[in-house]
Amino acid sequence: MTFALSPEREQELARIVARYPNKQAACIPVLHLCQEQHGWISDEVTRFVADTLGMPAAQVLGVVTFYSIFNQQPVGRHQVWVCRTLSCALRGAEGLLHQCEKHLGIHAGQTTPDGAITLRTAECLASCGTAPVMQVDRTYHENLTPERAREILDGLRSR
Amino acid sequence: MLQRTNYLSSRYGVPDGHRIEAYLRDGGYEQAKRALGMPRKTLVDEVKAANLRGRGGAGFPMGVKWGFMPPEPKPGKPHYLVVNADEGEPGTFKDRTLMELDPHSTIEGCIIGAYGIGAHAAYVYVRDELHLSKARLWGAIEEARARGFLGPKPFGIDYTVEVYVHSGAGAYICGEETALLNSLEGKRGEPRMKPPFPAQAGAFGMPTTVNNLESIATLPTILKLGGEAFSKLSALHGMRDGGCRLFGVSGHVKTPGVFECAVGLTLRELVYDLGGGVAGGKLLAVIPGGSSTPILRHDELVDAPDPKAPLHPWHGQSVLDVPMGVDTFRGLGTMLGTCCAIVLSERACPVMAMHNLMRFYRHESCGQCTPCREGSGWLERTLDRIVGGAGTLEDLDRLHEIANNIMGNTICAFGEGTAMPALGFLRKFRREFEDFVRTHGASSPRNLAL
C-alpha cells in the first residue's frame, strides 16, 4: 500500500519545501506532516518522504530513528508524556507518573487496550517553573496535581 | 545586586501582548527599521559595545561572534542566521516565555541580526514540543509580513529578510549548534567537528551565525538604549558581561518562575527574593544554570586569595553572594549556563538527583562518540546499582573514572556537559554518597519530591 498526503497537506508540503535552499532540509517538517496524518512513520511513509524529497530511504529512516518524536509503530489516539527530569522530579513527577500508570492500567511506553492513550515519559519539556508538567498531544498541562491528571486522562478516553 | 528590569518582559501579562498592536504601541520595529539604515559596521560595533554574552549557555560575546562572519557575502555564498530555541537544557524555561508572550521581539531581533551578519534568511529552530511557541512565532511572522516589515523590502528598504520557524523532533543534542545545523538540513542531529566553524561553513555549507533566541530578542533593546548604555545596566559591565537577562528558578522554591533583572544578581537573591525562599526546609544546593553546570553547595565559600584573581573581591564569602556572571561563575568552578537555577532543599537526596540527571544524559547522548555513548550508559547503570542499595565504595571511584574518561574525548561539549555535573555531585557530596553506599540507601530519604 502506498502512502499519499491529503490535498491540503500536499499544499502545505510545497510551502515547507519552498522555505529551504534544498529539498532534504524539509525532511523533518515533512515527517511531522506525514505523522500528523498517519499517526506514525510506517515503511510506506518513509518511502514516500524519500521519493518526494529525493533522498535515499535509508537516510530518511536514519532521521526517523534518531528523533524521539517520530513513532516507529502505531500509537494510541492520544499521546501523553509525563516529564520526569530533575525540576519536575523535585516537584512530584515520579508520583504523578505512577498515578497515571495505575489509573490507566499500563506502564509508561504502552498503549491502553482500547487504543485511546499512549503513555510515555519525556525528558525536560522546558516547563520547569510550572512543574510537574504533562504534555497531551500538543497541549501542556502545567502545575499538575494527581487529581487534575486523572481528570485529564478520563477526558481523553471519550474523545 | 537585585535590580529588576523591564525591557525583555514588558509585555508579559499584557492582554494580547503577543500581537503586533501591543508591540507597536511600545515602539516595536522602530529599531529594526533604524538598523537597516545603518552601515553594517556601526551595527556590529553597537552590539559589541553591548557586551551581550550569549544567553544559550556558553556565554560567548555576541558581537564578537558576528565579527567572525565574512564582511560581505560572496557570490553564490549566502549567509544564514539561525536562532537556537531548542531549549532542552533541564531547568531552562526562559526562551519559551519570550516566544509565547512576546514573539515580535524575536522577529524584530531576526531582522536586526540578519542585517548585522549579511543574511537574508533567518531560521528559528524550535523544539517540537513547544507547539504554542511555534504558533506564536508563525503568527508574528504573518503579522510582520502583512505590515511590510518582512519580505523583499522591509520598511521599504531594499534588503530582503525572511524568517522561518523550523521544528525539531525531540532531541536534546540539537541544542548544540552544529547538531542543530545538521537537524536543520534534514539530517540526524549529530554534532560536527569544528573547524570549520559555522561562520565559515554552517547551514547548507554557508557562513552562518547561530544565536540563542534570548540573545536575538534582546537586540531591539540594545539598539534602543545604545550598546554601551545597555551594557552598563549590568553590575558586571567592567567584566564585559553586560545588560539585563532572564533568570529562571525552579525546584524547591516557593515561587518558581522567570524574572528579568540586570546582570549581577546573586544566587541568594534569585532563590530567596525572587524565588520566595526554599520550600521544604533549608537549602542544600543549587544547580546554577541548567543541569550541565556543576552544582554549588549552600555552605561553599569563595576561595580566591590571590588579589589578581577576578573573584578576589568575594574571597571568603558564600558562593551564593557572588554576582551571577559568565566569568564569575567560571571562577567558581561551575558555569552560568542558561541562568536558570534548580534549587534542592535538604529533603532532596543528592544521590537520587545525580541519578535522575545521568539517566537524562544517557537517554540524550547522540551515540556518535564512544566515550559519551558508553560512558553515559555506565554512569547510569552504576548509579542504578547504588540507588538500588547494592553499590560499593569502588563504584564511587568508578564513577569518577568514567566521567574523567568522557571529558575532553568527544566531538561536542555534551561530553563535558555530562562529566562536569557528575564530578560536581561526586566531589561535593562525597560524604552523602559514601553514607548512601554503606547503609544501602538507608541514610537517605531516597526522595526528590517534598
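Fair warning: this is a prediction, and the values are worked out from it, not measured in the lab. (Residues numbered from 1 in each chain as written. Chains lettered and ligands numbered in written order. Predicted model: local features only at pLDDT ≥ 70, side-chain atom pairs only at ≥ 80, totals over all residues. Heavy atoms only, no water.)

Remarks on the pattern of salt bridges
It is possible for side chains bearing opposite charge to pair when their charged atoms get close.
All names here are of chain A.
Here's step 1: In the structure shown here, the tally under the stated rule is 40 salt bridges over all chains.
Here's step 2: Here Glu 12 ties to Arg 15 by a salt bridge, and the two come within 2.9 Å at their closest N and O atoms. With Glu 12 and Arg 15 both in helix 1 (residues 7–17), this residue pair falls three residues apart, about one helical turn.
Here's step 3: Residue classification places Arg 15 among the partly exposed residues on the basis of a relative accessible area of 47%. (Salt bridge = Lys/Arg side-chain N within 4 Å of Asp/Glu carboxyl O. Helix = DSSP H or I, 4+ residues; strand = E, 2+ residues; numbered from the N terminus. Buried < 20%, exposed > 50% of the residue type's maximum accessible area, 1.4 Å probe, protein only.)

Section: the side chain of Ser 167 of chain B
Residues and elements named next belong to chain B.
Here's step 1: As for its placement among the helices and strands, Ser 167 is situated in strand 3 (residues 162–167).
Here's step 2: The exposure class of Ser 167 is buried, given its relative accessible area of 11%.
Here's step 3: For Ser 167, the side chain forms a polar contact with the side chain of Asp 128, separated by 3.2 Å.
Here's step 4: At 3.0 Å, the side chain of Ser 167 and the side chain of Lys 134 are in polar contact. (Polar contact = N/O pair within 3.5 Å; in protein donor to acceptor, adjacent residues only side chain to side chain.)

With respect to the sheet that holds strand 6 (residues 257–262) of chain B
All names here are of chain B.
Here's step 1: Strand order in this open sheet of five strands is 6-5-9-7-8, and the pairing throughout is mixed. The open sheet has two edge strands, strand 6 and strand 8 (296–297), and neither has a second partner.
Here's step 2: Bridge analysis of strand 7 (residues 283–287) against strand 8 gives two bridges, and the strand direction is antiparallel. Counterpart to Ala 285 in the pairing with strand 8 is Arg 297. (Pairing = 2+ DSSP bridges.)

A look at the interface of chain B and chain A
Here's step 1: Each partner contributes to the interface: chain B provides 57 residues, whereas chain A provides 40 residues.
Here's step 2: Between chain B and chain A the total buried area reaches about 3800 Å² when both faces are included, carbon and sulfur atoms providing 59% of it.
Here's step 3: Joining chain B to chain A, the criterion identifies one salt bridge.
Here's step 4: Our enumeration of links across chain B and chain A arrives at 22 residue pairs in polar contact (both at pLDDT 80 or more).
Here's step 5: Among the secondary structure elements, those contributing two or more residues to the side of chain B that touches chain A are helix 7 (131–146), strand 3, helix 8 (177–184), strand 5 (244–251), strand 9 (340–345) and helix 13 (350–364) of chain B. (Contact = heavy atoms within 4.5 Å. Buried area = accessible area lost by both parts, 1.4 Å probe.)

Comments concerning the nonpolar core
Here's step 1: Grouped together as the largest cluster of nonpolar side chains are 89 residues, with contacts concentrated most on Leu 31, Val 49 and Tyr 67 of chain A together with Ile 173, Phe 425 and Phe 433 of chain B.
Here's step 2: A total of eight residues in this core trace back to one element, the largest contributor, which is helix 13 of chain B.
Here's step 3: In this structure, Ile 173 of chain B is in contact with Phe 66 of chain A together with Ala 179, Gly 189, Pro 191, Glu 364, Cys 366, Cys 412 and Phe 414 of chain B, ignoring residues within four places of it in sequence.
Here's step 4: Core analysis: the second largest hydrophobic core is formed by 64 residues, Trp 81 and Ala 122 of chain A together with Ala 50 and Ile 216 of chain B among them. (Core = buried A, V, L, I, M, F, W, Y, C linked by side-chain atoms within 4.5 Å.)

Quick notes on the domain arrangement of chain B
All names here are of chain B.
Here's step 1: Split by domain assignment, chain B resolves into domain 1 (20–231), domain 2 (237–345) and domain 3 (350–438).
Here's step 2: Put simply, the middle of domain 1 and the middle of domain 2, counted by C-alpha atoms, are 27 Å apart.
Here's step 3: If you look at the interface, domain 1 gives 20 residues, while domain 2 gives 26 residues.
Here's step 4: Between domain 1 and domain 2, roughly 1900 Å² of surface is buried when both sides are summed, and carbon and sulfur atoms account for 54% of that area.
Here's step 5: The tally of links from domain 1 across to domain 2 stands at one salt bridge.
Here's step 6: Along the contact surface separating domain 1 from domain 2 lie 15 residue pairs in polar contact (both at pLDDT 80 or more).
Here's step 7: Elements represented by at least two residues in the side of domain 1 that touches domain 2 include exactly helix 5 (95–101) and helix 10 (227–231).
Here's step 8: Here the side of domain 1 that touches domain 2 is composed, by residue class, of seven nonpolar, eight polar and five charged. (Domains from an automatic or database assignment. Nonpolar A, V, L, I, M, F, W, Y, C, P; charged D, E, K, R; others polar.)

Observations concerning helix 17 (residues 430–438) of chain B
Residue and element names in this part refer to chain B.
Here's step 1: Taken together, the buried positions of helix 17 are Glu 432, Phe 433, Phe 436 and Val 437. Viewed along the axis of helix 17, the buried residues span an arc of 130 degrees, placing them on a single side of the element. Away from its buried face, by an angle of more than 90 degrees, helix 17 presents the exposed residues Arg 431 and Arg 438.
Here's step 2: Buried positions along helix 17 lie against strand 8, helix 13, helix 14 (370–387), helix 15 (393–406) and helix 16 (414–428).
Here's step 3: Two residues or fewer after helix 17 comes His 440, characterised by a positive phi angle close to 55 degrees. (Arc of directions from axis to C-beta.)

Thoughts on the sheet that holds strand 3 (residues 134–136) of chain A
Residues and elements named next belong to chain A.
Here's step 1: What the four strands build is an open sheet, ordered 2-1-3-4; its pairing is mixed. The open sheet has two edge strands, strand 2 (117–122) and strand 4 (139–141), and neither has a second partner. In this sheet, neighbouring strand axes are inclined to one another by 25 degrees on average, regardless of whether the strands run parallel or antiparallel.
Here's step 2: Here three bridges tie strand 1 (residues 78–83) to strand 3, and the two strands are oriented antiparallel to one another. Looking across to strand 3, one finds that Val 82 is bridged to Met 134.
Here's step 3: Sheet contacts for helix 6 (residues 93–104): strand 1, strand 2 and strand 3; angle to strand 2, the most-contacted strand, approximately 165 degrees. (Axes fitted to C-alpha atoms, helices over the stretch in contact; angles between N-to-C directions.)

A closer look at the packing of helix 3 (residues 40–49) of chain B against helix 6 (residues 103–117) of chain B
Residue and element names in this part refer to chain B.
Here's step 1: Where helix 3 meets helix 6, the closest approach of the two axes is 9 Å, and the angle between their N-to-C directions is 115 degrees. Considering only the axes of helix 3 and helix 6, their crossing is left-handed. Only Ile 112, Tyr 115 and Gly 116 of helix 6 make contact with helix 3, whose side of the interface consists of Arg 40, Leu 43 and Val 44.
Here's step 2: Of the residues assigned to the contact of helix 3 with helix 6, the class counts are four nonpolar, one polar and one charged. (Left-handed = near helix turned anticlockwise from the far one by under 90°.)

Notes on the domain arrangement of chain A
Here's step 1: According to the domain assignment, chain A consists of domain 1 (7–66) and domain 2 (78–158).
Here's step 2: Taking only C-alpha atoms into account, the centre of domain 1 of chain A sits 29 Å from that of domain 2 of chain A.

Remarks on unusual backbone geometry
Residues and elements named next belong to chain B.
Here's step 1: Cis peptide bonds are those with omega within 30 degrees of zero, and the linkage from Lys 194 to Pro 195 qualifies with -5 degrees.
Here's step 2: By the secondary structure assignment, Pro 195 is in the loop between helix 8 and strand 4 (208–212).
Here's step 3: Following Pro 195, the chain continues to Pro 196 via a peptide bond in cis, the omega torsion being 5 degrees.
Here's step 4: By secondary structure assignment, the location of Pro 196 is in the loop between helix 8 and strand 4.

Looking at the pairing of strand 7 of chain B
Residues and elements named next belong to chain B.
Here's step 1: Along strand 7, five of the five residues are buried, which leaves the element largely enclosed by surrounding structure.
Here's step 2: Alignment of strand 7 against strand 9, held across four bridges, turns out to be antiparallel. By the bridge assignment for strand 9, Val 286 is matched with Val 343.

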